[in-house]
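Each chain, written out:
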Amino acid sequence: MGVKFRISIHGTRGIPANYGGFETFAQELSVRLAARGHSVTVYGRNHYVPPEVTEFQGVAIRRLPAVRRKYLETVSHTLLSVLDSLRRDDQILLVCNAVNACFCWIPRAGGKKVVLNVDGIERKRRKWSAVGRGVYWISERMAIRFPHVTVTDAAVIQDYYRRRLGAETRMIAYGAEAAGVESEECLIRLGLRPLEYFLYVSRLEPENNAHLAIKAYLASGSNIPLVVVGDAPYSRRYQEKLKRLAGGGDVRMPGAIYGRGYRELLSHCTAYLQATEVGGTHPALLEAMGCGALVFAHDTPENRETLADSGCLLSFHETESLAALLRQVEQNRSKWDHLRRLAQDRIKDFYSWDRIVDQYERLFEELGGD
């Protein structure tokens, strides 16, 4: 691609990634775009990005404040960032999260090209009140009107926008690296041994079903630990519930872990449990597959699309069937090695970050930067 663009990314907490999927997406995409010669800026929130961090692997970082309230943090920061971009020479704005659709007309009116990545169907998350779900319902409709292009990260989400809203979106999946890591520093720190623990990773919110994963683990009578990795700043009550539930067995909750330690846990687990119910392509699922983990995933259309034949799909609401599967794996771990290989092959073939960046570059080329 010969044309280079000035691109800014909005709607995430910022980079280096230290929270969730959108932050990792912003980091992986921006660093690769910068390496290909584009000028890239990622907007971050003051309370997530340290003041001394102004650049990350060739990507410029701009810190702006946000209203630190559950319903206002994302939208307040995104509004400030898109307004800030009006006085800069950004040509293309990539905005993350459907709730930010309401701001996409602003830079568009200012002559900039706007791409909105809506992720999954956010209004289905149980954490939102009726007002929150209503806001996302409206945002879905604005998402197909205000940006130049709307990106969905799974075919099932693309089909939802087509069937329900009569709108065509651009499907570009999330990405992952098809490589595990051999180091074990994080395992040693947590008192774990390779292939002798089950792993669950997600934001600890009710619709991600950590409680069901814990119940199934406890019912399995397993002799190895379950490690529950994750956090969520606005779900403290649910996290306390999980800790009470986990008191009945060897369940370890170290909080959020990022970077190499996170990949070590994925690379060496006996099995990875993906219990989420809503969303598009789940980043943690792809990352687990890329690290060669044996995946047991909740049987949803999105997970079915992602895994294909490279993992086990089942209902996490049927805790006894999952418990039985955990017992089987613990008794014969090598029996499942073919699924680990298939998972890595699927990442290489369909979800590599370089493939994803190629698709975003083609999209930016089609939009142009003038």
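Residues numbered from 1 in each chain as written. Predicted model: local features only at pLDDT ≥ 70, side-chain atom pairs only at ≥ 80, totals over all residues. Heavy atoms only, no water.

## Quick look at the overall build of the protein
Turning to step 1, where the next piece is worked out: Within the protein, the regular secondary structure consists of 14 helices and 14 strands.
Turning to step 2, where the next piece is worked out: For 370 residues, the compact-globule estimate of 2.2 N^0.38 gives 21 Å, and the C-alpha radius of gyration of the protein, at 20 Å, lies within 12% of that figure.
Turning to step 3, where the next piece is worked out: Overall, the C-alpha framework of the protein stretches about 60 × 45 × 45 Å when taken along its three principal axes.
Turning to step 4, where the next piece is worked out: Expressed as a percentage of the 370 residues in the protein, the buried residues total 59%.
Turning to step 5, where the next piece is worked out: For the protein, the computed accessible surface area is about 15,000 Å², with 50% contributed by carbon and sulfur atoms. (Helix = DSSP H or I, 4+ residues; strand = E, 2+ residues; numbered from the N terminus. Rg over C-alpha atoms; globule rule 2.2 N^0.38 Å. Buried < 20%, exposed > 50% of the residue type's maximum accessible area, 1.4 Å probe, protein only. Areas by Shrake-Rupley, 256 points an atom, 1.4 Å probe, with all protein chains shown as cover.)

## Regarding the nonpolar core
Turning to step 1, where the next piece is worked out: If you look at the biggest cluster of nonpolar residues, it comprises 62 residues, and the most contacted ones within it are Phe25, Leu199, Leu265, Tyr272, Tyr360 and Phe364.
Turning to step 2, where the next piece is worked out: In contact with tyrosine 272, other than residues within four places in its own chain, are Leu199, Val201, Leu266, Ala284, Leu285, Ala288, Ala293, Leu294, Val295 and Phe296.
Turning to step 3, where the next piece is worked out: Formed by 30 residues, the second largest nonpolar core is a distinct cluster that contains Leu212, Ile214, Phe296 and Leu314. (Core = buried A, V, L, I, M, F, W, Y, C linked by side-chain atoms within 4.5 Å. Contact = heavy atoms within 4.5 Å.)

## A closer look at the packing of aromatic side chains
Turning to step 1, where the next piece is worked out: In the structure shown here, the tally under the stated rule is seven aromatic pairs.
Turning to step 2, where the next piece is worked out: Taking the centre distance of 5.7 Å and the plane angle of 55 degrees together, the rings of phenylalanine 25 and tyrosine 360 count as tilted. Here phenylalanine 25, found in helix H1 (residues 21-35), pairs with tyrosine 360, found in helix H14 (residues 353-367); they are 335 residues apart in sequence, far enough to count as distant.
Turning to step 3, where the next piece is worked out: Residue phenylalanine 25 is classed as buried on the basis of its relative accessible area, which comes to 2%.
Turning to step 4, where the next piece is worked out: Residue classification places tyrosine 360 among the buried positions, given a relative accessible area of 0%.
Turning to step 5, where the next piece is worked out: Among the aromatic residues, ring-to-ring pairing joins Phe25, Tyr174, Trp353, Tyr360 and Phe364 into one connected group.
Turning to step 6, where the next piece is worked out: The ring of phenylalanine 350 carries arginine 346 above its face, with NZ or CZ at 4.6 Å from the centroid. (Phe/Tyr/Trp six-rings, centres within 6.5 Å; stacked < 30°, edge-to-face > 60°. Lys NZ or Arg CZ within 6 Å of the ring centre and 35° of its normal.)

## Comments concerning the pattern of salt bridges
When their charged atoms lie close together, side chains carrying opposite charge are able to pair.
Turning to step 1, where the next piece is worked out: Applying the stated criterion to the full structure yields 24 salt bridges.
Turning to step 2, where the next piece is worked out: Two residues, arginine 45 and glutamate 73, come together in a salt bridge whose shortest N-O distance is 2.7 Å. With arginine 45 in strand E2 (residues 39-45) and glutamate 73 in helix H2 (residues 73-86), this pair connects stretches of sequence that are 28 residues apart.
Turning to step 3, where the next piece is worked out: Classification of glutamate 73 as buried rests on a relative accessible area of 4%.
Turning to step 4, where the next piece is worked out: Of the charged contacts in the structure, one is a salt bridge between arginine 236 and aspartate 231, with a shortest N-O distance of 2.8 Å.
Turning to step 5, where the next piece is worked out: The exposure class assigned to arginine 236 is partly exposed, which follows from its relative accessible area of 45%. (Salt bridge = Lys/Arg side-chain N within 4 Å of Asp/Glu carboxyl O.)

## Notes on the environment of isoleucine 157
Turning to step 1, where the next piece is worked out: Within the element layout of this structure, isoleucine 157 appears in helix H5 (residues 155-165).
Turning to step 2, where the next piece is worked out: Taking relative accessible area as the criterion, isoleucine 157 reaches 1% and is therefore assigned buried.
Turning to step 3, where the next piece is worked out: Taking the C-alpha atoms as reference points, isoleucine 157 and threonine 281, separated by 124 residues in sequence, lie 9.1 Å from one another.

## A few points about the packing of helix H7 (residues 210-220) against helix H8 (residues 236-246)
Turning to step 1, where the next piece is worked out: The contact between H7 and H8 brings their axes to 10 Å, and the two run at 0 degrees. Considering their axes alone, H7 and H8 lie roughly parallel with respect to each other. On H8, the residues touching Ala210, His211, Ile214, Lys215 and Leu218 of H7 are Tyr238, Leu242, Leu245 and Ala246.
Turning to step 2, where the next piece is worked out: When its residues are assigned to classes, the contact of H7 with H8 shows seven nonpolar, one polar and one charged. (Axes fitted to C-alpha atoms, helices over the stretch in contact; angles between N-to-C directions. Parallel < 35°, antiparallel > 145°, perpendicular 65-115°, else oblique. Nonpolar A, V, L, I, M, F, W, Y, C, P; charged D, E, K, R; others polar.)

## Regarding the sheet that holds strand E9 (residues 198-201)
Turning to step 1, where the next piece is worked out: One open sheet accounts for six strands, arranged E11-E10-E9-E12-E13-E14; its pairing is parallel. The sheet terminates laterally at strand E11 (251-255) and strand E14 (312-314), the two strands that pair on one side only. The mean angle between the axes of side-by-side strands here comes to 20 degrees, regardless of whether they run parallel or antiparallel.
Turning to step 2, where the next piece is worked out: In terms of strand pairing, E9 meets strand E12 (residues 271-274) through three bridges, oriented parallel. When the sheet's bridge partners are listed, leucine 199 is paired in E12 with tyrosine 272. (Pairing = 2+ DSSP bridges.)

## A look at H2
Turning to step 1, where the next piece is worked out: Between its first and last C-alpha, H2 extends 21 Å over 14 residues, near the 20 Å set by a 1.5 Å rise per residue.
Turning to step 2, where the next piece is worked out: Taking burial as the measure, the 14 residues of H2 include 10 buried ones, the bulk of the element.
Turning to step 3, where the next piece is worked out: On its buried face, H2 is in contact with strand E1 (6-10), E2, strand E4 (59-64), strand E5 (92-96) and helix H3 (105-109). (Expected span 1.5 Å × (residues − 1).)

## Let's talk about the side chain of serine 235
Turning to step 1, where the next piece is worked out: Counting through the fold element by element, serine 235 comes out in the loop between strand E10 (226-229) and H8.
Turning to step 2, where the next piece is worked out: Ignoring sequence-local partners within four residues, the contact set of serine 235 consists of Leu204 and Glu205.

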